[in-house]
Amino acid sequence: ADTRANKKAQAEDSLRNLVEEKSVAGPVEGLNHQIHELIGQRQTITDRIREISELKHDLQSQITEADQRQKRLRSALEAQANAKQKLLQKLTEFRRDGNNAP
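Overview of the structure. This is a predicted model, so every value here is computed, not measured.

## Things to note about the overall build of the protein chain
- The number of helices and strands found in the protein chain is one helix and zero strands.
- For a compact globule of 102 residues, the expected C-alpha radius of gyration is about 13 Å, and the protein chain comes in at 43 Å, more than 25% above that figure.
- Projected onto its principal axes, the C-alpha coordinates of the protein chain cover approximately 150 × 15 × 10 Å.
- Considering the protein chain as a whole, with its 102 residues, one finds that 0% of them fall into the buried category.
- Put simply, the protein chain shows about 9,800 Å² of open surface, and 56% of that area lies on carbon and sulfur atoms.
- Positive and negative charge centroids in the protein chain, built from 18 and 16 side chains respectively, lie 12 Å apart.

Encoded structure:
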């Protein structure tokens, strides 16, 4: 009778262990799936960060080029304004001299 009780206890322990393993296995598989999803999301985020950094670098280069173009245009406009002013002065002198001619 004693061995029968031992076998029954062992069977109950085995059944309890099996139930515990099954109850733990489901959540563990779910966690593994979530971990793999998070790893994939992390890679996607890393890729996006890299793309954004490249875009930022490109934009900074374009801004620098635009600034340089703006400086050149400003210089050209100043030179044009100076030339116009000189022409107006010459025209004024020419008219004044022309009106004073004998």
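## Some remarks on the pattern of salt bridges
- Following the criterion strictly, the structure yields two salt bridges and no others.
- Among the salt bridges present, the one from arginine 50 reaches aspartate 47, with a minimum N-O distance of 3.2 Å. Separated by three residues within a single helix, arginine 50 and aspartate 47 lie in helix H1 (residues 2-99), roughly one turn from each other.
- Look at arginine 50 and you get partly exposed, because its relative accessible area is 45%.
- Accessibility expressed as a relative area gives 28% for aspartate 47, which makes it partly exposed.

Cut-off values and rules
Residues numbered from 1 in each chain as written. Predicted model: local features only at pLDDT ≥ 70, side-chain atom pairs only at ≥ 80, totals over all residues. Heavy atoms only, no water. Helix = DSSP H or I, 4+ residues; strand = E, 2+ residues; numbered from the N terminus. Rg over C-alpha atoms; globule rule 2.2 N^0.38 Å. Buried < 20%, exposed > 50% of the residue type's maximum accessible area, 1.4 Å probe, protein only. Areas by Shrake-Rupley, 256 points an atom, 1.4 Å probe, with all protein chains shown as cover. Lys, Arg positive; Asp, Glu negative; His and termini not counted. Charge placed at Lys NZ, Arg CZ, Asp CG, Glu CD. Salt bridge = Lys/Arg side-chain N within 4 Å of Asp/Glu carboxyl O.

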